[in-house]
Amino acid sequence: MAETKREIERKYESDESGLPDLTGVAGVATVLDKGVAELDAVYYDTRDERLAAASITLRRRTGGKDAGWHLKIPVSSGVRDEIRAPLSDTLPDDLAGLVRSRVRKAELVPLVRLLSTRDVSDLLDADGTLLAEVSVDAVVAERLTDEGRTAQWSEIEVELADDGDPAFLEKIDKKLRKAGVRPSESPSKLARALKETAPKKGKKDGRKGKKQGKAEKAGEREPVTPGDHVLAYVRVQRDAIVELDPAVRRDVFDSVHSMRVATRRLRSTFKSFGKVLDRAVTDPIGEELKWLAGELGVDRDQEVLTERLTEALDDLPENLIAGPVRTRLRTWAERDGGAGPRRELIDALDGRRYLDLLEALDAVIADPPLLEAAGGDPEQVITKAVRKDYAKVAALVEEALAQPAGTDRDVAMHEARKKTKRTRYAAEAAEPVLGKTAKGIVKDMKSLQSLLGDHQDSVMARETLRDLAFQAHEAGESAFTYGLLHGREERRAELAEGALPKTWAKISADMPL
């Protein structure tokens, strides 16, 4: 079973003088010598170093107090999540899944071996509480592919204790710098090992394929044409899906929602800019993105609806809660949510269909299906696309306003909400070209989306409350509370419908295109 540890550390260059005296650091009462450990770590990656390119490290290490498999995923500068699994001969399935969006169908191979002699000291406060672990590491690195080149160096590593104050590292840093110790130029041992043992030019094993190389080259230059700008936005969303994949698998807060939004942004972009990217190519990809969004949405939609109903129930006085309403709501949430949909989501991310989708997105970026408009005037082409999407929103909002309250209006408002999202995403892609104009449209569409979204959530909540009320009645329970909540949801929907004319009038008046 894998476990996760938040790792906050800093690395420094070291020489023969070893570790400077740290007893003068504020808060440090004792520097406790913990002895020397011999560590043997083999780092795995694809031959073209896809994990290293994303600052991800995967190793199998023996020796020391935490022998086993370690996967380190960057969170921010100097901060990584380390996912650990017990020592075994083969890579554990949990860790293999966490790197699948990067590795795809490529093979993970032993790339570098690091032998480290680690001299460890604990920094303790007056109560004997651990503040940080400091080590001086003598490292020998060996490249396990190519020519078997080697390198060696010494470094100081300072790792903050669990739940420690990151500000303490600043105190250590100040002390080390005063002693003449300088920060390491490499963010990790692996990064330094790869650099110092790199094969001679022209002989690097597993060179990147032509398509991937073209995509990266295109991503390095400033966008100029409409095609450049659209592809830049596509690339950001593709990267978001890939980067969020491990977080989704680990059930990190809001990761499923964020990944789902990235899929929606991509699908909307392909539709909005159909004059830039050939929809004969992108429409099939859009259908796969719709499938992925659906897989991501099963748990998310249930979670949002459960939260809404729970909050509504919590707002009621206890004397208005008749019968086992909380229990029935919890049973409903666990039946329709729970572990089942999550297992299905992980199975989808492990499947070939998902990997094929990622490869298809790579192909669009590497060899984009550009149409004639892709080389036109950026402001004209992109403005036209955003204006077209806005016109669809306008037509749907006007249709909703013309309908009497009821199902037809609910449907029209829901359709307007979907087109509002699409217009918002098109405006986001347009920001580098249209600047403040696009930002204003994004802001207006967010406001409209929020209003229409609350209305749609009310529609879904009322459907669920009717179902729960029927179940309660069939079981001989009171349906009073469900009816009360249903009435409150009706009122929320009425307020949203009542606010729509004024909100839309303001947006229409402000619309700059």
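These notes cover the structure that comes with them. Computed from a predicted structure; not experimentally measured.

## Focus: the layout of surface pockets
Rolled over the atoms, a probe as big as a water molecule pinpoints where empty space is left.
At step 1: In this structure, the largest pocket spans a volume of roughly 1200 Å³.
At step 2: Along the wall of the largest pocket there are 38 residues; nearest its centre are Arg260, Arg264, Arg417, Lys418 and Lys421.
At step 3: Elements with a minimum of two residues in the lining of the largest pocket: helix 8 (255-272), helix 9 (279-314), helix 14 (407-434) and helix 15 (436-474).
At step 4: Here the lining of the largest pocket takes 11 residues from helix 9, the largest share from any one element.

## A word on empty space enclosed by the protein
At step 1: Applying the stated criterion to the full structure yields two cavities of 30 Å³ or more.
At step 2: Looking at the largest cavity, the residues that line it are Leu309, Leu313, Val325, Leu329, Leu465, Leu468, Tyr482 and Leu485.
At step 3: Breaking the lining of the largest cavity down by element, the ones donating at least two residues are helix 9, helix 10 (325-336), helix 15 and helix 16 (480-510).
At step 4: Looking at side-chain class alone, the lining of the largest cavity contains eight nonpolar, no polar and no charged residues.

## Looking at helix 12 (residues 352-366)
At step 1: Counted at 1.5 Å a residue, the expected span for helix 12 with its 15 residues is 21 Å, and the 21 Å between its end C-alpha atoms agrees.
At step 2: Listed in full, the buried residues belonging to helix 12 are Tyr354, Leu355, Leu357, Leu358, Leu361, Val364, Ile365 and Ala366.

## Topic: the packing of helix 14 against helix 15
At step 1: Contact pair helix 14 / helix 15: the axes reach a minimum separation of 8 Å and the direction vectors enclose 155 degrees. With respect to their mutual orientation, helix 14 and helix 15 come out roughly antiparallel. The element helix 14 and its partner helix 15 pack so that their crossing is left-handed.
At step 2: Tallied by class, the residues present in the contact of helix 14 with helix 15 amount to 12 nonpolar, eight polar and nine charged.

## Quick look at the packing of helix 9 against helix 16
At step 1: The N-to-C vectors of helix 9 and helix 16 enclose an angle of 110 degrees; their axes lie 11 Å apart at closest approach. One element, helix 9, and the other, helix 16, form an angle in the roughly perpendicular class. Only Thr481, Leu485, Glu489 and Arg492 of helix 16 make contact with helix 9, whose side of the interface consists of Arg308, Ala312 and Leu313.
At step 2: Here the residues of the contact of helix 9 with helix 16 sort into three nonpolar, one polar and three charged.

## Some details on the packing of aromatic side chains
At step 1: As enumerated under the stated definition, the model contains two aromatic pairs in all.
At step 2: Where tyrosine 44 meets tryptophan 69, the ring centres are 5.3 Å apart and the plane angle is 45 degrees; that geometry is what we call tilted. Of this pair, tyrosine 44 sits in strand 2 (residues 30-45) while tryptophan 69 sits in strand 4 (residues 68-76), and the two are 25 residues apart along the sequence.
At step 3: With relative accessibility at 2%, the residue tryptophan 69 sits in the buried group.
At step 4: With a centroid separation of 5.7 Å and an interplanar angle of 20 degrees, the aromatic rings of tyrosine 390 and tryptophan 504 are classed as stacked. Of this pair, tyrosine 390 sits in helix 13 (residues 378-402) while tryptophan 504 sits in helix 16; the two residues are 114 residues apart in sequence, bridging distant segments of the chain. As far as burial versus exposure is concerned, tyrosine 390 and tryptophan 504 are alike and both buried.

## Digging into the sheet that holds strand 8 (residues 150-160)
Across a sheet, paired strands are connected by hydrogen bonds in the backbone, their directions being either parallel or antiparallel.
At step 1: The eight strands lie next to each other as 1-5-4-3-2-6-7-8, forming a closed barrel whose pairing is antiparallel. Shown here is a sheet whose adjacent strand axes are inclined to one another by a mean of 35 degrees, direction ignored.
At step 2: Note that strand 4 and strand 5 (residues 79-85) share seven bridges and pair antiparallel. Paired with isoleucine 73 across the strands is aspartate 81, a residue of strand 5.
At step 3: The strands that helix 4 (residues 167-178) touches are strand 1 (3-13), strand 6 (109-124), strand 7 (130-143) and strand 8; relative to strand 1, the one it contacts most, it runs at about 20 degrees.

About the cut-offs
Residues numbered from 1 in each chain as written. Predicted model: local features only at pLDDT ≥ 70, side-chain atom pairs only at ≥ 80, totals over all residues. Heavy atoms only, no water. 1 Å grid on protein atoms, 1.4 Å probe; cavity = no way out; pocket = protein on both sides within 12 Å on 5 of 7 lines; lining within 4 Å. Points joined across faces, edges and corners; volume = space filled by probe spheres on them. Helix = DSSP H or I, 4+ residues; strand = E, 2+ residues; numbered from the N terminus. Nonpolar A, V, L, I, M, F, W, Y, C, P; charged D, E, K, R; others polar. Expected span 1.5 Å × (residues − 1). Buried < 20%, exposed > 50% of the residue type's maximum accessible area, 1.4 Å probe, protein only. Axes fitted to C-alpha atoms, helices over the stretch in contact; angles between N-to-C directions. Parallel < 35°, antiparallel > 145°, perpendicular 65-115°, else oblique. Left-handed = near helix turned anticlockwise from the far one by under 90°. Contact = heavy atoms within 4.5 Å. Phe/Tyr/Trp six-rings, centres within 6.5 Å; stacked < 30°, edge-to-face > 60°. Pairing = 2+ DSSP bridges.

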